[in-house]
Amino acid sequence: MAVGALILYVVFAAAAFGWRSWWQWRRTGSTGFRGIGGRPGSLEWLAGVGVVVAFAVGLAAPILQLTDVLNPIPLLDNELVSWIGVVVAVTGILGTLYAQRDMGESWRIGVDATERTTLVRSGVFGLVRNPIFTGMFTFAVGVTLMVPNPVAVLGFLLLVGAIELQVRVVEEPYLHKVHGDHYRSYVAEVGRFVPAVGRR
């Protein structure tokens, strides 16, 4: 399963970042990549760096297991859990791509405070406010089940922490500032990562 997890990591990166950036460039003339913002050491900066580090740690997990540096956690080391992980990871990839499609030309990696994009509330964004991140969480859960070693668990926890920071410290304040009452009504009606949870 370690080889399978590596393959899915490559597929996820190529589709969700590579292909999507290319599509964005073809449609808008911009890749949508805004980079890591904030002063080094700030919460905004830590959020961006944290996502990169989390994916690096997650990618290291199957490599370390494949090379017998790490062993799976015994409680989770069985074929059923591994195959459940495959299904969950593939679901996460498909969910991420579907949400990116629904976001259309407003899709970005990172935030440019001087930029104004359309607030997308249709499609899957009518169910949750951050479905791309929900897809990323789902993918991370899946590959963690495929290679359930301590590094994989650490990578998942880092990803959760970094995305929570990104959403709460960077994206939500930006959207409140840009879209005002329109965004506030959206927050009151739609959950943050899952339906009905995280409304304010």
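Here the focus is the overall build of the protein chain. Looking only at helices and strands, the protein chain has five helices and zero strands in total. Radius of gyration (C-alpha) of the protein chain: 17 Å, near the 16 Å computed for a compact globule of 200 residues. C-alpha atoms of the protein chain, sized along the principal axes, occupy 50 × 35 × 35 Å. Relative to its 200 residues, the protein chain shows a buried fraction of 44%. Taking as baseline every contact in the protein chain between residues at least 6 positions apart, the subset at least 24 positions apart corresponds to 78%. Carbon and sulfur atoms form 68% of the exposed surface of the protein chain, whose accessible area is close to 10,200 Å².

Once that is clear, we can look at helix α3 (residues 79-103). For α3, with 25 residues, the first-to-last C-alpha span of 36 Å sits near the 36 Å given by 1.5 Å per residue. Within α3 the residues assigned to the buried category are V81, S82, G85, V86, A89, G92, I93, T96, A99, Q100 and D102. Among the residues of α3, the N-terminal cap falls to N78, whose side-chain oxygen and the backbone nitrogen of L80 are separated by 3.1 Å.

Turning to the side chain of Q166, a few remarks are in order. As for its placement among the helices and strands, Q166 is situated in helix α5 (residues 150-189). Owing to a relative accessible area of 10%, Q166 belongs among the buried residues under this scheme. If we skip the residues at most four places from it in the chain, Q166 touches A47, G48, G110, V111, F133 and E171.

It is at 7 Å that the axes of α3 and helix α4 (residues 131-146) come closest, and there the two elements cross at 165°. In terms of their interaxial angle, α3 and α4 are classed as roughly antiparallel. Crossing handedness for the pair α3 and α4: left-handed. Among the residues forming the contact of α3 with α4, the class breakdown is 16 nonpolar, nine polar and no charged.

Time to look at the layout of surface pockets. Regions of empty space are outlined by a rolling probe, equal in size to a water molecule, passed over the atoms. What the largest pocket holds in volume is close to 940 Å³. For the lining of the largest pocket, the secondary structure elements donating two or more residues are α1 (2-28), α2 (43-66), α3, α4 and α5. Examining the composition of the lining of the largest pocket, we find that seven residues originate from one element, α5, more than from any other. Considered class by class, the residues forming the lining of the largest pocket number 24 nonpolar, 11 polar and six charged.

Definitions and limits used
Residues numbered from 1 in each chain as written. Predicted model: local features only at pLDDT ≥ 70, side-chain atom pairs only at ≥ 80, totals over all residues. Heavy atoms only, no water. Helix = DSSP H or I, 4+ residues; strand = E, 2+ residues; numbered from the N terminus. Rg over C-alpha atoms; globule rule 2.2 N^0.38 Å. Buried < 20%, exposed > 50% of the residue type's maximum accessible area, 1.4 Å probe, protein only. Contact = heavy atoms within 4.5 Å. Areas by Shrake-Rupley, 256 points an atom, 1.4 Å probe, with all protein chains shown as cover. Expected span 1.5 Å × (residues − 1). Polar contact = N/O pair within 3.5 Å; in protein donor to acceptor, adjacent residues only side chain to side chain. Axes fitted to C-alpha atoms, helices over the stretch in contact; angles between N-to-C directions. Parallel < 35°, antiparallel > 145°, perpendicular 65-115°, else oblique. Left-handed = near helix turned anticlockwise from the far one by under 90°. Nonpolar A, V, L, I, M, F, W, Y, C, P; charged D, E, K, R; others polar. 1 Å grid on protein atoms, 1.4 Å probe; cavity = no way out; pocket = protein on both sides within 12 Å on 5 of 7 lines; lining within 4 Å. Points joined across faces, edges and corners; volume = space filled by probe spheres on them.

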